[in-house]
Amino acid sequence: MTLAIPREIRVTGSIYDYLVESSKISIIFHWDSDGIASASILKELLSRHNILLDFIVPKIGYYDVSAIDVPRIKAFKPDLIVVLDYALKAGDLEILEQTTGAPVLLIDHHINTLPAKPLYYNPVAAGHSQVMYPSTTWVIRELLRLPLELKILLGIAGDRGVKAKETPIWSRLKEYLDRRKWRWEKLVELAELVDSMYRIGDVEGVVRSIDKLLNYNNDLDSALKDNEWASARRLVEEELEKHVNMQPSEIIDNRILVFRVESAYYIASAITRRLALKYQDKIVVVSFKHMGNGPCHVYARSWRYDLMKIITSLVLHGYNIGGKNEVAAITIECSRLEQALEDMVDAIRGTGYKPLR
Ligand SMILES: [Mn+2]
């Protein structure tokens, strides 16, 4: 499947030509492995040209234009802004364009509703299946017709983990892995290492990771031995260990276990995953308070019960919630955390505990 190349791009031949015609580009990228790998791919391509690049990490945990350092972009005066793997809503993208006066080139694969603009490349928002686009690196690969390499795989490993083996593109990945004699688990491990930078809240470390990936130049074994990533990973593991051994603060209907977690790290999703693995016949609900600038969350995850219905019911209550059958996550102002926890528990009880599948 190929993306239709929009008219304006076709004039100059390709998106690559469009990029290299710029002299200054601000690149806003998601703080996770896929975002970092995507930024790294662009840096590698553009560094061969005389283009000034400024890399910008949005405020971790937030997904709107207020998370972006717009004054910094204005001061840099780019002639193009590239947004990678970061699902801003259409209105926010418009604000970004209007306040900076620079066009926005968007490359992403998150579920989103976007107008059909020539510089918006989100095949999932354009109606293609999400399983065909497991990462933003995969979208970039297609757009720029790049050969498979470490950074492209890292994006997939970060977003899909071991589940990448269940996607339709797995056979293509497998062929490449066999040729390089790489095991997919090693790529998932690298993604864990790289993701540790944002989990400990090290924004500069996130930016440094772009260059680290470039310097490792497709050498997986060396990347896995990176000291800075490894020590961040150890900090994250210690923090997770600390919380995974605590007792639930409430048990409801003998099915719901409520945990209250406070951390200065961005581990709401990771800790919920660990606890759900430990209590596989229950529904784990984590009320997460970030002890810093981050957002608060209520997460629910289960291996046994279907949580899909609670998403619709909590959306009706006006919550900012996302998820799948096995997981639901509310992002909430910390002052409203207790109320959100209560509403999450009520919503789960309202489902009548329907088993998964
Ligand atoms: Mn992604």
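Enquirer: Explain the overall build of the protein here, please?
Expert: The helix and strand tally for the protein stands at 15 helices and 11 strands. Principal axes of the C-alpha set define a box for the protein whose edges measure 65 × 45 × 35 Å. Taking all 357 residues of the protein together, the buried fraction comes to 54%. When contacts within the protein are restricted to residue pairs at least 6 apart in sequence, long-range pairs at least 24 apart make up 65% of them. Carbon and sulfur atoms make up 50% of the accessible area of the protein, which totals about 16,500 Å².

Enquirer: What is the right way to read the packing of aromatic side chains from this model?
Expert: Across all of its chains, the model carries 9 aromatic pairs by this definition. Ring geometry for Trp31 against Tyr86: centres 6.0 Å apart, planes inclined by 65 degrees, an arrangement best described as edge-to-face. Of the two residues, Trp31 sits in the loop between strand 1 (24-29) and helix 3 (33-46) while Tyr86 sits in the loop between strand 3 (80-84) and helix 5 (90-100), which places them 55 residues apart along the sequence. You'll find Trp31 and Tyr86 in the same group, each marked buried. For the ring pair Trp170 and Trp184, a centre distance of 5.5 Å and an interplane angle of 80 degrees mean the geometry is edge-to-face. Taken together, the residues Trp170 in helix 8 (residues 170-180) and Trp184 in helix 9 (residues 184-199) connect sequence positions 14 residues apart. Look at Trp184 and you get buried, because its relative accessible area is 2%. Three or more aromatic residues link up through ring pairs in this structure, and these residues are Trp31, Tyr63 and Tyr86. Stacked on the ring of Trp229, the Lys or Arg Lys212 has its end atom at 5.4 Å from the ring centre. A cation sits over an aromatic face here: Arg255 above Tyr353, 4.6 Å from the ring centre.

Enquirer: Help me understand the environment of Ser129, please; the structure alone is not making it clear to me.
Expert: Counting through the fold element by element, Ser129 comes out in the loop between strand 5 (120-121) and helix 6 (136-144). Looking at Ser129, the relative accessible area reads 36%, which means it is partly exposed. Each C-alpha atom of the pair Ser129 and Met291 lies 37 Å from the other, and the pair is 162 residues apart in sequence. One polar contact links the side chain of Ser129 to the main-chain amide nitrogen of Val131, over a distance of 3.2 Å.

Enquirer: Help me out: how do you make sense of the state of the cysteines in this one?
Expert: As used in these notes, a disulfide is a covalent bond between sulfur atoms, one from each of two cysteines. This model, assessed by the stated rule, comprises 1 disulfide. Here Cys296 is linked by a disulfide to Cys334, with a sulfur-sulfur distance of 2.1 Å. The disulfide joining Cys296 to Cys334 has a torsion of about 95 degrees about its S-S bond and is therefore right-handed. Placement of the pair is Cys296 in strand 9 (residues 296-302) and Cys334 in the loop between strand 11 (327-332) and helix 15 (337-350), with a sequence separation of 38 residues. Judged by relative accessible area, which is 0%, Cys296 ranks as buried.

Rules used throughout
- Residues numbered from 1 in each chain as written.
- Predicted model: local features only at pLDDT ≥ 70, side-chain atom pairs only at ≥ 80, totals over all residues.
- Heavy atoms only, no water.
- Helix = DSSP H or I, 4+ residues; strand = E, 2+ residues; numbered from the N terminus.
- Buried < 20%, exposed > 50% of the residue type's maximum accessible area, 1.4 Å probe, protein only.
- Contact = heavy atoms within 4.5 Å.
- Areas by Shrake-Rupley, 256 points an atom, 1.4 Å probe, with all protein chains shown as cover.
- Phe/Tyr/Trp six-rings, centres within 6.5 Å; stacked < 30°, edge-to-face > 60°.
- Lys NZ or Arg CZ within 6 Å of the ring centre and 35° of its normal.
- Polar contact = N/O pair within 3.5 Å; in protein donor to acceptor, adjacent residues only side chain to side chain.
- Disulfide = S-S within 2.5 Å.

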